[in-house]
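# Examination of the molecular architecture
Now for the letters of each chain:
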Amino acid sequence: MTNYDDIDFSPIMALTEGEVITHSPVRDIRLGSGRVLALITLDNGRDHTRPNTLGPATLTELGETLAALKARAAAGEIQAVGITGKQYILAAGADLSDISRVGSKDNARLIAQLGHKVIGSLSDLGVPSFAFVNGLALGGGVEIALNSTYRTIDASAAAIALPELFLGIIPGWGGAYLLPNLIGIENALEVIISNPLKQNRMLKPQQAHDYGMFDEIFPPANFLENSLAWADEVLGGRKVERKNVPGKIERTVKWPVAIKMARSMLESKIGTVPRSPYVALDLLEKARSGTKEEGFAREDEALSELVTGDLFAASMYAFDLVQKRAKRPVGAPDKQLAKKVTKVGVIGAGLMASQFALLFVRKLQVPVLITDLDQARVDKGVAYIHDEIGKLEAKGRVDADTANKLRSLVTGTTDKSLYADCDFVIEAVFEELGVKQAVFGEIEQIIAEDAILATNTSSLSVAEIGSKLAHPERLVGFHFFNPVAVMPLIEIVKTDATADAALSTAFVVAKGLGKNAVLTADAPGFVVNRLLAKVMGEAARAVYEGTPVVDVEKAFGPLGLPMGPFQLIDLVGWKVAAHVQDTMVHAFPERFYANENFHTLAALDAVVEKDKGGRVTGWTKAAEKALKGQTGSTPASADEILRRVQDGLAQEIRIMLDEGVVPEVEDIDLCLILGAGWPFIDGGASPYLDREGASERVFGGTFHTPTIRGIAQS
């Protein structure tokens, strides 16, 4: 057992320089019964755009506050302690800027121990403690609640999460021990492991309450008043039931089974390279027995190891990309040059076009027109959009008035003359150069001279698409990723002719859609598809050499991508994948692989067999027949396949940078994280390739100088 009172925390107080301190003022509240509750309100003095965070100075001050309240409780001056936050926010967890500059493993351990000492004291004040979670609570914010005796939550809180695995670490201030012992192992696995690995999925307040993380949920209008009244009832003897607290049977039977299944899931989905998910799994496994003090000591050691490791350094690099670079796109012209968009046109009424139209009308709330060659197809597209709006209404995402307004803004027709007053027109037609040229040639005769044209092409040359336009300067590439509503990236493609006004409008529209935009040159495949084509090509090469498809999928596991290459091909469509491969091989025949038989496979109704989790388990019988006689007899080993794809990616990224496809390697990593789901904890492709030695093997250097490595390796 660690005696936190005996520890000298002075070495980490040097990290407090520049810390935005979250203060912990206290006021006494006399409850209806006459009891006194001392209420702490965490507040860094900034508005809601700068959440409360928990750095060393903040924790030290909070520790002093809690120690004083413990003394007051012992003197009988107060009967309870409450803790809440400034408006809309409890706390967004540890101050990551502090943690990322800890300097040593010993300092990393001290940060873990200081959190345990201070936040852990909420359960040792001599009187009950109540966490009134009035808004956003992430990481250490959630752990403040978990260490309290009782918890309430505001029904309108923005998000609740323990996102540490997303950053390559673990919940290190009690979360890994306290949560499973409060809500059961299966729920805890979902919150601590599964959600962070699903692109950092957050919990809504009702979900968190249903899991048992909070004892009561109250509406925002009278959240604090209701929480205080409820606390008074609890102090008066009201029984608090917690139905998800694990019992003996769960601990002895369900717990080990759940851990085993989770381990198997992790190995199949992310491979065995990322450390933090497995460290978290070990902590959760051990949390079923032993004392809280033992659990906290395990967290101290685990956090000190991970904070000084490579993947935390890579995560901090990725975090900076997503939080800063993505919000200030490199190369975006002055937004004052953008044309005001008051009406949007979508050429096409198929599924992709309908998804575009739905996104534009939801986010921009301007009239959206869709057209197609026949009215039945148009009507089907409009019906799909109306149905999706209805689903949003049913889920409470939009109210009835807003839903009706959105429906009224969407119109469909075969009459293209109605594009005349559109400011921004995007096509979603067949991925063929001639088709796109013809469509834009027709529309250009109708729209105003300053209206913007956008193409969603995934791999064709934007300049070639616009080569027959009278005003090619108005054309911009605007490449979405599937599913349109979910994927956060848009690649904005600039040709030599693209005017700044068109480019500026594209960036402003992307921001209005809630997307992150990255500027790319008009190069084959742009960024994401060019690199995914490299991955898919190497997978196809291995198959046609004679490697079983399941072995190929497993060989790509260490990359940590959300799915294997053939699972991904099956998702995007075999015809689309074959087209992209053809485009890349035509552009760079010496570096990209495509087999003519790929088109034979693409013509089949089904190519691969998959299990319930969507993972590829083999070929269909039709695919086996199509492959017969086409594959070799020299299967590649997993190590060989992985090395080839690593080296291929390193080579291609180096060439893309030399060609100026994007300004810097950071933009490539940002595209892969946001558009391809490249693991956040890898930091994107370039830090991973540097760590694996691929950069050195291919071009005798690294993408980053110094390389992005943890303290333990630097």
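My aim in this report is to walk through the structure given alongside it, one point at a time. Since this is a predicted model, take the numbers as computed values, not measurements.

## Describing the sheet that holds strand β12 (residues 410-413)
- Strand order in the open sheet made by the 8 strands is β12-β11-β10-β13-β14-β15-β16-β17, with mixed pairing throughout. Two strands lie at the open edges of the sheet, namely β12 and β17 (516-521), each paired on one side alone. Shown here is a sheet whose adjacent strand axes are inclined to one another by a mean of 25 degrees, direction ignored.
- Where strand β13 (residues 424-427) lies against strand β14 (residues 452-455), 4 bridges are found, and the strand directions are parallel. Note on β14: the bridge partner recorded for I426 is A454.
- Of the strands in this sheet, β11 (368-371) and β12 touch helix α15 (residues 400-409), which is tilted by about 25 degrees from β12.

## Focus: helix α26 (residues 665-675)
- Within α26, 10 of the 11 residues are buried, leaving the element largely enclosed by the surrounding structure.
- Here α26 has its buried residues at V665, D667, I668, D669, L670, C671, L672, I673, L674 and G675.
- On its buried face, α26 is in contact with α12 (310-323), β16 (489-494), β17, α19 (528-545), α25 (638-659) and α27 (685-692).
- Count one or two residues on from α26 and you reach G677, which has phi positive near 70 degrees.

## Structural notes on the sheet that holds strand β6 (residues 136-138)
- If you trace the 3 strands from one edge of the open sheet to the other, you get β4-β6-β8, paired in parallel fashion. Looking along the sheet, the strands with just one partner apiece sit at the ends: β4 (89-91) and β8 (160-161).
- Note that β6 and β8 share 2 bridges and pair parallel. For A137, the partnering residue across the bridge sits in β8 and is I160.

## Structural notes on the pairing of strand β2 (residues 36-42)
- Counting buried positions over the 7 residues of β2 gives 7, a clear majority of the element.
- Pairing geometry for strand β1 (residues 26-30) and β2, over 5 bridges, is antiparallel. When the bridges of β2 are listed, R27 appears paired with L39.
- Here β1 folds back onto β2, and the loop between the two strands holds 5 residues, one of which, G34, carries a positive phi near 100 degrees.
- Remark: the β2/helix α1 (residues 56-74)/strand β3 (residues 80-85) crossover connection has right-handed handedness.

## What about the pairing of β17?
- Counting buried positions along β17 gives 5 out of 6 residues, so the element sits mostly inside the fold.
- Sheet analysis places β16 next to β17, joined by 6 bridges and oriented parallel. Pairing of I490 across the sheet is with A517, part of β17.
- After leaving β16, the chain enters helix α18 (residues 500-512) and then returns to the sheet as β17, a path that is right-handed.

## Focus on the layout of surface pockets
- A volume near 670 Å³ is recorded for the second largest pocket.
- Surrounding the second largest pocket, 25 residues form its lining, Y4, D5, K117, S121 and D124 being those nearest its centre.
- Among the elements of the structure, α1, α3 (105-120) and α11 (292-307) are those that each provide at least two residues to the lining of the second largest pocket.
- By residue number, the principal contributor to the lining of the second largest pocket is α1, which donates 7 residues.

## Regarding the environment of A499
- With respect to the helices and strands, the residue A499 is situated in the loop between β16 and α18.
- Residue A499 is classed as partly exposed on the basis of its relative accessible area, which comes to 26%.

## Things to note about a positive patch on the surface
- Taken together, the side chains of K204, K363, K395 and R397 define a basic patch exposed on the protein surface.
- A residue is classified by how much of its surface remains accessible, and R397, at 53% relative accessible area, is exposed.

## Observations concerning the packing of aromatic side chains
- The full count for this structure, using the stated rule, is 17 aromatic pairs.
- Measuring from centroid to centroid gives 6.2 Å for F130 and W230, while their planes differ by 90 degrees, and the two rings are edge-to-face. In this pair, F130 sits in strand β5 (residues 129-133) while W230 sits in helix α8 (residues 223-235), placing the two residues 100 residues apart along the sequence. No difference in accessibility class separates F130 from W230, as the two residues are buried.
- Joined through ring pairs, the aromatic side chains of F356, F360, F424, F478 and F480 make up one cluster.
- If you follow K534 out to its NZ or CZ, it ends over the ring of F592, 4.6 Å from the centre.
- Geometry around F699 places R654 over its ring, the cationic atom sitting 5.5 Å from the centre.

Basis of the calculations
- Residues numbered from 1 in each chain as written.
- Predicted model: local features only at pLDDT ≥ 70, side-chain atom pairs only at ≥ 80, totals over all residues.
- Heavy atoms only, no water.
- Pairing = 2+ DSSP bridges.
- Helix = DSSP H or I, 4+ residues; strand = E, 2+ residues; numbered from the N terminus.
- Axes fitted to C-alpha atoms, helices over the stretch in contact; angles between N-to-C directions.
- Contact = heavy atoms within 4.5 Å.
- Buried < 20%, exposed > 50% of the residue type's maximum accessible area, 1.4 Å probe, protein only.
- Right-handed = clockwise from strand over helix to strand, strands pointing away.
- 1 Å grid on protein atoms, 1.4 Å probe; cavity = no way out; pocket = protein on both sides within 12 Å on 5 of 7 lines; lining within 4 Å.
- Points joined across faces, edges and corners; volume = space filled by probe spheres on them.
- Patch = residues over 30% accessible without salt bridge, like charges linked within 9 Å, V, L, I, M, F, W, Y side chains within 5 Å.
- Areas by Shrake-Rupley, 256 points an atom, 1.4 Å probe, with all protein chains shown as cover.
- Salt bridge = Lys/Arg side-chain N within 4 Å of Asp/Glu carboxyl O.
- Lys, Arg positive; Asp, Glu negative; His and termini not counted.
- Charge placed at Lys NZ, Arg CZ, Asp CG, Glu CD.
- Phe/Tyr/Trp six-rings, centres within 6.5 Å; stacked < 30°, edge-to-face > 60°.
- Lys NZ or Arg CZ within 6 Å of the ring centre and 35° of its normal.

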